[in-house]
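Residue strings, one per chain:
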Amino acid sequence: MSTQITSKKARSSKITAGQYSLYLEELQANESFRTIKFNPKNPSILDETWNSLAVKLNAAGGPIKTVPQWKERFADWKCNVRKKARKLELSRVRTGGGPPDVPLSDLENRLLNLSGRAVVNGIEGIRELGYDNPIEAHGAVQPPPAVQPPPTVEPPPAVEPPPAVEPPPAVKPPPAVYPPEAVRAPATKKKLTLAASVRTLMDDATRDSKKTTLEEVNESLKQVVELEQEKVKVKKEKLAIERMKLQMKYPDREFVFDTNCD
């Protein structure tokens, strides 16, 4: 138990120079890791790089950390180095004496060279907003400019009321739909007497409201009578044929047929 505790205490929580060097070597060799750019061809490249780097860092003889802890530790180191570099730059341009500040180490200079010095020195040729020279930018704090009164706000123009909306035209109701007339079933063919035929013709003439003359009625009656006579003639001929067939089949018998065709 005591041996394990001693070994844990022996591993200092302070990151070693070798571990910082491993981090800087990865920054220099891996552009995606240095610029933190998303690679659509390999979206997991950053996670894979951190996992691989954490294994190397933990085996380098310093503190052992997880990937999130290494990310946080190097982010803090990068922020502190930039603050230190900006402080040194202010000391360089500031007038007056004072004790000299601690300069950047080789590792810190390598970090600024890889991550960019624009965050410390600014972009060349662009003056810092609100100052005329670097001495004013990093020297005494200038008083803020006088606050200008807000411009007079003119009232908005009067809004005219919208034009009156005319009511829509009256919609005419659709025409009434009447049910179709009942379709009469075709009349069943049946044998009509002379009187029934005359009655049917008269009924048809009355229903259709057609004016017929007496001659037309007589002509129709004549046609009906001729039709009935033709039917009687045909029936008599059929009976004669049947009588002949029976006499030929039964010559010793007599057959009497009713020739009344009404």
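Here, every reference points to the structure presented above.
Let me sum up the structure you'll find in this document. Keep in mind the model is a prediction, meaning the values are calculated, not measured. (Residues numbered from 1 in each chain as written. Predicted model: local features only at pLDDT ≥ 70, side-chain atom pairs only at ≥ 80, totals over all residues. Heavy atoms only, no water.)

### Details of the packing of helix α2 (residues 17-29) against helix α4 (residues 45-58)
The relative placement of two packed helices is expressed as an angle between their axes plus a distance between the axes. At their nearest, the axes of α2 and α4 sit 10 Å apart, and the two run at 155° to each other. Put simply, α2 runs roughly antiparallel to α4. Here the hand of the crossing between α2 and α4 comes out right-handed. On α4, the residues touching Gln19, Leu22, Tyr23 and Glu26 of α2 are Thr49, Trp50, Leu53, Lys56 and Leu57. (Axes fitted to C-alpha atoms, helices over the stretch in contact; angles between N-to-C directions. Helix = DSSP H or I, 4+ residues; strand = E, 2+ residues; numbered from the N terminus. Parallel < 35°, antiparallel > 145°, perpendicular 65-115°, else oblique. Left-handed = near helix turned anticlockwise from the far one by under 90°. Contact = heavy atoms within 4.5 Å.)

### Regarding the side chain of Thr49
As for its placement among the helices and strands, Thr49 is situated in helix α4. Of the residues examined, Thr49 reaches a relative accessible area of 9% and is grouped as buried. (Buried < 20%, exposed > 50% of the residue type's maximum accessible area, 1.4 Å probe, protein only.)

### Quick word on the environment of Asn51
Mapping Asn51 onto the fold places it in helix α4. Here the alpha-carbon distance between Asn51 and Thr66, two residues 15 residues apart in the chain, equals 8.9 Å.

### Examining the nonpolar core
Formed by 20 residues in total, the largest nonpolar core has its most connected members in Tyr23, Leu24, Trp50, Trp70, Phe74, Trp77 and Leu111. Of all the elements in the fold, those that place two or more residues in this core are α2, α4, α5 (67-93) and α6 (106-115). Sorting elements by how many residues they give to this core places α5 first, with 6 residues. Not counting residues up to four positions away in its chain, the partners in contact with Phe74 are Gln19, Tyr20, Tyr23, Trp50 and Leu57. (Core = buried A, V, L, I, M, F, W, Y, C linked by side-chain atoms within 4.5 Å.)

### Looking at the pattern of salt bridges
Counted by the stated rule, this structure contains 1 salt bridge. Here Lys84 and Glu108 are joined by a salt bridge, their closest N and O atoms 3.2 Å apart. Of this pair, Lys84 sits in helix α5 while Glu108 sits in helix α6, placing them 24 residues apart in sequence. (Salt bridge = Lys/Arg side-chain N within 4 Å of Asp/Glu carboxyl O.)

### Notes on the packing of aromatic side chains
Scanning the model with the defined rule gives 9 aromatic pairs in all. Considering the side-chain rings of Tyr20 and Phe74, the 6.1 Å spacing of their centres and the 75° angle between planes classify their relative orientation as edge-to-face. On the criterion of sequence distance, the pair formed by Tyr20 in helix α2 and Phe74 in helix α5 is long-range, its members being 54 residues apart. Comparing Tyr20 with Phe74, the two get one shared label, buried. (Phe/Tyr/Trp six-rings, centres within 6.5 Å; stacked < 30°, edge-to-face > 60°.)

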